[in-house]
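Here's the letter readout for the chains.
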Amino acid sequence: MPKAFASHHDWYLAIIDSLEITSVTNSDALKSMPTLIYSYDNAIHGFSVVLSLEELQKLQNYPGFVSAYPDKIIKLHTTHTMEFLSLNNVSGLWPASNYGKGVIIGLMDSGVRPESKSYNDDGMEEIPKRWKGFCQDAGDDFNSSMCNRKLIGARAFYRSAKAAKLRGESDDDSPRDTYGHGTHTSTTAAGNYVKDVSFFGYAKGTARGVAPRAHVAMYSVSGTTGAGSDLLAGMDQAIEDGVDVISISMGVGWIPLYEDPIAIAGFAAMEKGVFVSASAGNSGPRQVENSIPWLLTVAASTIDRQNSANLIFGNGMSTIGWSRFPANALLENVPLVYNETFLACNSSELLLEVSGKIVVCSEDYGWIGDQIQTLSDSAVAGAIIISSNTEYIETKDISCPGVVITPVQATQLINYVTSTANPTATLRFQQDVLGAKPAPAVAWYSSRGPSRTLPSILKPDLMAPGSQVLAAWVPSTPSAFIGSNIVLSSDYTLSSGTSMSCPHAAGVAALLKAAHPEWSPAAIKSAMMTTASLVGNDNSPIRDNRANLTFATPLDMGAGQIDPNKALDPGLIYELSAQDYVNHLCLLNFTMKQILTITRSSKYDCSNPSDLNYPSFMAYFKKTTSTTHEFHRTVTNIGNDLATYKAYVRVPRGTSITVTPETLVFSEKYGKVSFNVSVDIKQMKKKVAHGSLVWEQVGGNHTVTSPIVVVRKF
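The rules behind each value
Residues numbered from 1 in each chain as written. Predicted model: local features only at pLDDT ≥ 70, side-chain atom pairs only at ≥ 80, totals over all residues. Heavy atoms only, no water. Helix = DSSP H or I, 4+ residues; strand = E, 2+ residues; numbered from the N terminus. Rg over C-alpha atoms; globule rule 2.2 N^0.38 Å. Buried < 20%, exposed > 50% of the residue type's maximum accessible area, 1.4 Å probe, protein only. Contact = heavy atoms within 4.5 Å. Areas by Shrake-Rupley, 256 points an atom, 1.4 Å probe, with all protein chains shown as cover. Lys, Arg positive; Asp, Glu negative; His and termini not counted. Charge placed at Lys NZ, Arg CZ, Asp CG, Glu CD. Disulfide = S-S within 2.5 Å. Phe/Tyr/Trp six-rings, centres within 6.5 Å; stacked < 30°, edge-to-face > 60°. Lys NZ or Arg CZ within 6 Å of the ring centre and 35° of its normal. Core = buried A, V, L, I, M, F, W, Y, C linked by side-chain atoms within 4.5 Å. Domains from an automatic or database assignment. Pairing = 2+ DSSP bridges. Salt bridge = Lys/Arg side-chain N within 4 Å of Asp/Glu carboxyl O. UniProt positions renumbered as here; feature names shortened; annotations may be inferred. Polar contact = N/O pair within 3.5 Å; in protein donor to acceptor, adjacent residues only side chain to side chain.

S.K.: Can you walk me through the overall build of the protein in this structure?
M.R.: Helix and strand content of the protein: 18 helices and 34 strands. Taken over C-alpha atoms, the radius of gyration comes to 28 Å for the protein, in line with the 27 Å a tight globule of 714 residues would show. In terms of overall dimensions, the protein has a C-alpha envelope of 90 × 75 × 60 Å along the principal axes. In the protein, buried positions account for 55% of the 714 residues. Of all intrachain contacts in the protein linking residues separated by at least 6 positions in sequence, the fraction that spans at least 24 positions is 73%. Carbon and sulfur atoms make up 51% of the accessible area of the protein, which amounts to about 30,500 Å² in all. In the protein, 56 side chains carry a positive charge and 64 a negative one; their mean positions are 6 Å apart.

Here you go:
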């Protein structure tokens, strides 16, 4: 700002007044006097203004000009993952699928709270005539009148859980959700629009699911634990009822496919054309669960929304840190204490000395979870915790009026308190920051590959938003705490896990099913995988929160972050039939009895053991003398009638890759062309290497990407 002006506002006014356009232009009819709307002092140094194009061009030549951009149209929203996935009302998968109209999503979960506004049926079509299910009467607790055109079915399956003493004999056999998990996952997948919701002031806006016009059917098969046979019964009923998509945010651990109720029922669902989405597990870095070839296995990612608090120092400088303190608290110019004596924040007795003040804590002296518990039991006014613990920030809440800042941000704090006689600070909660980078990143907790049960298939398949997802909840289950004694309930909550990423993928599958009803489950999976994104919002490869934000690998995230709009038009697909899956089990030396356990039918045989026509490549070398692995794949053209694709390979380090042929030529839509990929590991020195195969359309817009992972057991 030139010294002649008393304030930035005065300077901006002077600039605008000087924007005189004297020449006659085509925009004169639209041009009026330039109008200052806002001047900003904190968020940015600048202003918003109504200008003609000519006035803007003149403004760009003024000293001090940095940049200008058109104002953006924003809409209130909560489940921000929809915007993060680029789902919008103008173009792409939402309008193409009519928001999932007519599709039925079945949830295997803990039940449903029918009173939630997310199950309102405003704008919903009539229940599809093919639907054979119903809403269960369970006395006063739950009755069929609680269902509608959104929530079209709800049933409970708890017999085995009672027999195994996992559930009390007196417990109701009701589909009512008393835990919250099923209500959250089902509304993430297909909740209707609900305005003006938030998590105690965070993530404010309109809640809705990925497929807001899809119908929901709940199969209550578990509490915090449940019986696999109850789950099997629920899936069996869902197939009978006529669901199009099944979402399963639970797992049974690392057991053989022929003992896995999800694998067995999932095979039957696939045969009937039902798409099944399953969570990868929350045991990262332990191995992925639900690694079943005929299911989509979904890892979890972070999003670009950070729940925050503003931290303002007494000298006017400020920073934004992480917080989810669930109250509209404002600590204004409170004395700030930074002293090594208190940095551990692990002694309630010691913290008595700083009662009524904001104390600085550091995780270098103790675990953040213990510190927050101690602070919650103390009489401090607030806390600033220095930590880079991504695990806690991704999955936990904060029960004391505190903010978490990084060690880099702490430099500003330390400089202030060490140079000021009586430092103070102000804390303002219930803030949200959009555009936080890097995002997406692989969530800290998300389980990783390779699969323990079937290492020949790369799992997980892809990842979807799973951290701090806002969706409907049950008020009988606590949502947040203030201190140790105040329990808060809410109709909506933020939750993290692959349980949350799984229904995101199920919702996308429902949209694709609505847009392409002729697609098989394998085609939908292929479209989602081969169009997944590998780049974050910092324009670098997707990163891994668990590995200090180093670049993620396909063992962490599969094919990458789900990209719904691109999946609408993938160009090529890797198609699979039930017999194809059986052929691969034969190749893996499953016995016919084991295969029969999965397929339930003797119509499948082992006359043609073969590699699986999967949209990813997993070369798993055991301790043998073999150093080569051959893949055979066939792709189907679902794009233009005439199309040519050329292969581009990012070769895994220490290997050599040969693709034959290197060019695929299609003479018609739905034409099929086969190719081979040969992997040689003679020069491979490490246990794991990864790359990719990209089929790029010549003169077209399609790129079909498959990850390649090579694992060598020395």
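S.K.: What am I meant to see in the state of the cysteines here?
M.R.: Note on terminology: disulfide describes a covalent bond linking the sulfur atoms of two cysteines. Counted by the stated rule, this structure contains three disulfides. If you count the bonded cysteines of the protein from the N-terminus, they pair up as 1-2, 3-4, 5-6. In this structure C400 is a free cysteine whose sulfur lies 7.7 Å from that of C361, the closest cysteine sulfur available.

S.K.: What am I meant to see in the packing of aromatic side chains here?
M.R.: What characterises a pair of aromatic rings is the spacing of the ring centres plus the angle enclosed by the ring planes. Under the definition given, this model contains 16 aromatic pairs. Aromatic side chains F199 and F200 sit 5.0 Å apart centroid to centroid with 75 degrees between the ring planes, which places their arrangement in the edge-to-face category. F199 gets classed as buried once you look at its relative accessible area, which sits at 0%. Between W294 and Y581, the aromatic rings sit 5.6 Å apart at their centres with planes inclined by 80 degrees, giving edge-to-face as the arrangement. Linking W294 in the loop between β9 (275–279) and β10 (296–301) with Y581 in helix α17 (residues 578–587), this pair joins segments that are 287 residues apart in sequence. Residue classification places Y581 among the buried positions, given a relative accessible area of 3%. When the ring centre of W254 is taken as origin, the NZ or CZ atom of R452, which lies over that ring, is 4.3 Å away. Sitting over the face of the ring of W444, R546 holds its NZ or CZ atom 3.6 Å from the ring centroid.

S.K.: For this particular structure, what's the right way to read the environment of P521?
M.R.: Structurally, P521 is set in helix α14 (residues 521–530). According to the relative accessible area criterion, P521 is buried, its value standing at 9%. Once you skip the residues sitting within four places of it in the chain, P521 turns out to touch M270, G273, V274 and F275.

S.K.: For this particular structure, what's the right way to read the nonpolar core?
M.R.: It is characteristic of soluble globular proteins that their nonpolar side chains tend to be buried jointly. Counting 93 residues, the largest nonpolar core has I246, W294 and M528 as its most contacted members. Split by domain, this core shows at least three residues from each of two domains, domain 2 (83–302 + 442–568) and domain 4 (572–576 + 612–712). What M528 contacts, discounting residues up to four positions off in sequence, is F275, L296, L462, A505, V508, A509, L512, I562 and A567.

S.K.: Explanation requested: the pairing of strand β23 (residues 492–495) in the structure shown.
M.R.: Regular strands place side chains that alternate from one sheet face to the opposite one. Residues Y492 and L494 point to one face of β23 and T493 and S495 to the other, with burial holding for every one of them. Relative to β23, strand β20 (residues 469–472) runs antiparallel, the two sharing four bridges. The partner of L470 across the bridge, within β23, is L494.

S.K.: How should the pattern of salt bridges be read in this particular structure?
M.R.: Any two side chains of opposite charge can pair if their charged atoms end up close together. Applying the stated criterion across every chain, the model contains 17 salt bridges. Across the salt bridge formed by R176 and D141, the nearest N and O atoms sit 3.4 Å from each other. Placement of the pair is R176 in the loop between α5 (159–163) and α6 (181–190) and D141 in the loop between β3 (104–109) and β4 (151–156), with a sequence separation of 35 residues. Among the ionic pairs, D397 bridges to R324, the shortest N-O distance being 2.9 Å. Linking D397 in the loop between α11 (390–395) and β16 (402–405) with R324 in the loop between β12 (318–322) and β13 (330–337), this pair joins segments that are 73 residues apart in sequence. Assessed through its relative accessible area of 27%, D397 is described here as partly exposed. Among the ionic contacts, a cluster of salt bridges with common partners joins E115, D141 and R176.

S.K.: What is the right way to look at unusual backbone geometry in this model?
M.R.: Most peptide bonds take the trans configuration, and most residues that are not glycine carry a negative phi. A cis amide bond links G449 to the next residue, P450, at an omega of 0 degrees. You can see P450 is positioned in the loop between β18 (441–442) and β19 (462–465). Between T660 and the following residue, P661, the backbone shows a cis peptide bond with an omega angle of -5 degrees. Of note, P661 is situated in the loop between β30 (656–660) and β31 (663–666). The phi torsion at S86 lies on the positive side, around 65 degrees, for a residue other than glycine. The topology assignment puts S86 in the loop between α3 (81–84) and α4 (93–97). Overall, the relative accessible area of 41% leaves S86 in the partly exposed class.

S.K.: What is the right way to read the UniProt feature "active site" (unreviewed entry) in the protein from this model?
M.R.: On the UniProt side, "active site" (unreviewed entry) is annotated at positions that read D109, H181 and S499 here. Spanning 391 residues, the named residues form one tight spatial group whose C-alpha atoms are at most 9.9 Å apart. Looking at where D109 falls in the secondary structure, it is placed in strand β3. The class for D109 is buried, based on a relative accessible area of 2%.

S.K.: Honestly, the side chain of S249 in this entry has me stumped. Any pointers?
M.R.: As for its position among the elements, S249 is in the loop between β8 (245–248) and α8 (261–271). The exposure class of S249 is buried, given its relative accessible area of 6%. A distance of 2.9 Å separates a polar side-chain atom of S249 from the backbone oxygen of S499. For S249, the residues in contact, after removing those within four places along its chain, are M108, D109, H181, T185, S279, T498, S499, C502 and P503.

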